[in-house]
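# Summary of structural features
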Amino acid sequence: MTDSHMNERKPVDGRAALLMVGLCAIWGMQQTALKAAAPDMAPVLQISLRSGLAAIVIAALVFLRGEGHALRGGTWKPGLAIGVLFALEYLFMGEGLRFTSASHMGIFLYTAPIFTALGLHVGLPEERLSPLQWLGIVTAFAGVAVSFLGGASGGAKGDSAWIGDLMGIGAGASWGATTLTLRFSKLSSAPSTVTTLYQLLGAFVLLALLALATGQTAIRPTPLLGLSFAFQTIGVSLVSLLVWFGMLRVYLASRLGVLSFMTPLFGVAFGVALLGERLEPAFIAGAVMVIAGILLVSGHEMFRARQARRAVAG
């Protein structure tokens, strides 16, 4: 089997779509969890500590599975890069939540697929998007913009909210750059545990240093903080990252990225339900546009794949 054949990715199928729904729910919840527990522990410290604990578990998995060899052979340089990018993503998220609402952050963070799809379209022939799929990306992104500009503003801190919103876009760009670095480096064929370990270590070290440098080290133990921290460590830093990077090794990243546009819907829904952030009619309009964009991109791809399978079978 040739290297090029081994590196081919599949279109999104029903299993991938179902997994993405679960991932999007987890990712959509994390901004709400961070925001809710912020009075008890600064978000950047929450992210640093959860990443450190998760890194211990992932490191044990790496060595128990005999995957330690993947930490050598030239992966450390791209590993360092994605560690820094991952830390930047969560730095922007954690600091941005000091200025804006979880709903805002949930929407702007998930501009990441736009950055990813553009980079992959340029760099990889198999990731080229058809005109109809480009229309889907534009429609989905417009829906995200409509959701933000028109309605998901409850809880944002007035004139300062734009700072947090801008940080949300920075977080999305950092996430997109992480995915591109993964695909264009030796990490594209590395075990998902190794990729995850590099990121968790980057977030733990860099955000811990930031928390110390800025005096954001106070901790007030509460049941809410315990629940939030458990969810973030197990759900976000362990389960979701392992599943996500495992899927990136199998499926086309641009298609998975577009499916992640479901996350802002979960993010705003959790913000409304748990933090009392307002839900306005413009968000509903934006949500319809996001879903339409997802159907145009992923639905079209899955339809073509089904037709191809039928042609082969027939």
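So, here's what we can say about the structure. What you see is a predicted model; the values in this text were computed from it and never measured.

The next thing to look at is the packing of helix α2 (residues 14-37) against helix α3 (residues 43-64). At a closest axis distance of 9 Å, the pairing of α2 and α3 adopts a crossing angle of 120 degrees. Our classification of the angle between α2 and α3 gives oblique. Crossing of α2 against α3: the hand is right-handed. Only P43, Q46, I47 and R50 of α3 make contact with α2, whose side of the interface consists of Q30, A33, L34 and A37. Within the contact of α2 with α3, the residues separate by chemical class into 5 nonpolar, 2 polar and 1 charged.

Tallied over the full model, the rule gives 2 salt bridges. Among the salt bridges present, the one from R220 reaches D40, with a minimum N-O distance of 2.6 Å. Of this pair, R220 sits in the loop between α9 (192-214) and α10 (223-248) while D40 sits in the loop between α2 and α3; the two residues are 180 residues apart in sequence, bridging distant segments of the chain.

In terms of residue burial, helix α5 (residues 102-109) counts as a mostly covered element, since 8 of its 8 residues are buried. Regarding α5, the residues found buried are A102, S103, H104, M105, G106, I107, F108 and L109.

Core analysis: the largest hydrophobic core is formed by 49 residues, its most contacted members being M20, W27, W244 and L256. Of all hydrophobic cores here, the second largest spans 10 residues; its members include I137, V144, F261 and V268.

Here the structure, examined in full by the defined rule, presents 2 cavities of 30 Å³ or more. Roughly 100 Å³ of internal volume is contained in the largest cavity. Along the walls of the largest cavity sit 13 residues, with F86, E89, Y90, W175 and L241 positioned nearest its centre. Going through the elements one at a time, α2, α4 (76-96), α8 (161-183) and α10 are the ones with two or more residues in the lining of the largest cavity. Taken together, the residues of the lining of the largest cavity break down into 9 nonpolar, 3 polar and 1 charged.

Now for the packing of aromatic side chains. Tallied over the full model, the rule gives 5 aromatic pairs. Seen in terms of ring centroids, W27 and W244 are 5.3 Å apart; in terms of plane orientation they differ by 80 degrees. Their pairing is edge-to-face. You can see W27 sitting in helix α2 and its partner W244 sitting in helix α10, a full 217 residues away along the chain. Neither W27 nor W244 differs from the other in exposure class; each is buried. Consider the rings of W175 and W244, whose centres lie 6.2 Å apart with planes at 70 degrees: the pair is edge-to-face. Here W175 is found in helix α8, whereas its partner W244 is found in helix α10, with 69 residues between them in sequence. W244 shares its class with W175; the two are buried. One aromatic cluster is present, formed by W27, W175 and W244 through successive ring pairs.

Reading the values: the criteria
- Residues numbered from 1 in each chain as written.
- Predicted model: local features only at pLDDT ≥ 70, side-chain atom pairs only at ≥ 80, totals over all residues.
- Heavy atoms only, no water.
- Axes fitted to C-alpha atoms, helices over the stretch in contact; angles between N-to-C directions.
- Helix = DSSP H or I, 4+ residues; strand = E, 2+ residues; numbered from the N terminus.
- Parallel < 35°, antiparallel > 145°, perpendicular 65-115°, else oblique.
- Left-handed = near helix turned anticlockwise from the far one by under 90°.
- Contact = heavy atoms within 4.5 Å.
- Nonpolar A, V, L, I, M, F, W, Y, C, P; charged D, E, K, R; others polar.
- Salt bridge = Lys/Arg side-chain N within 4 Å of Asp/Glu carboxyl O.
- Buried < 20%, exposed > 50% of the residue type's maximum accessible area, 1.4 Å probe, protein only.
- Core = buried A, V, L, I, M, F, W, Y, C linked by side-chain atoms within 4.5 Å.
- 1 Å grid on protein atoms, 1.4 Å probe; cavity = no way out; pocket = protein on both sides within 12 Å on 5 of 7 lines; lining within 4 Å.
- Points joined across faces, edges and corners; volume = space filled by probe spheres on them.
- Phe/Tyr/Trp six-rings, centres within 6.5 Å; stacked < 30°, edge-to-face > 60°.

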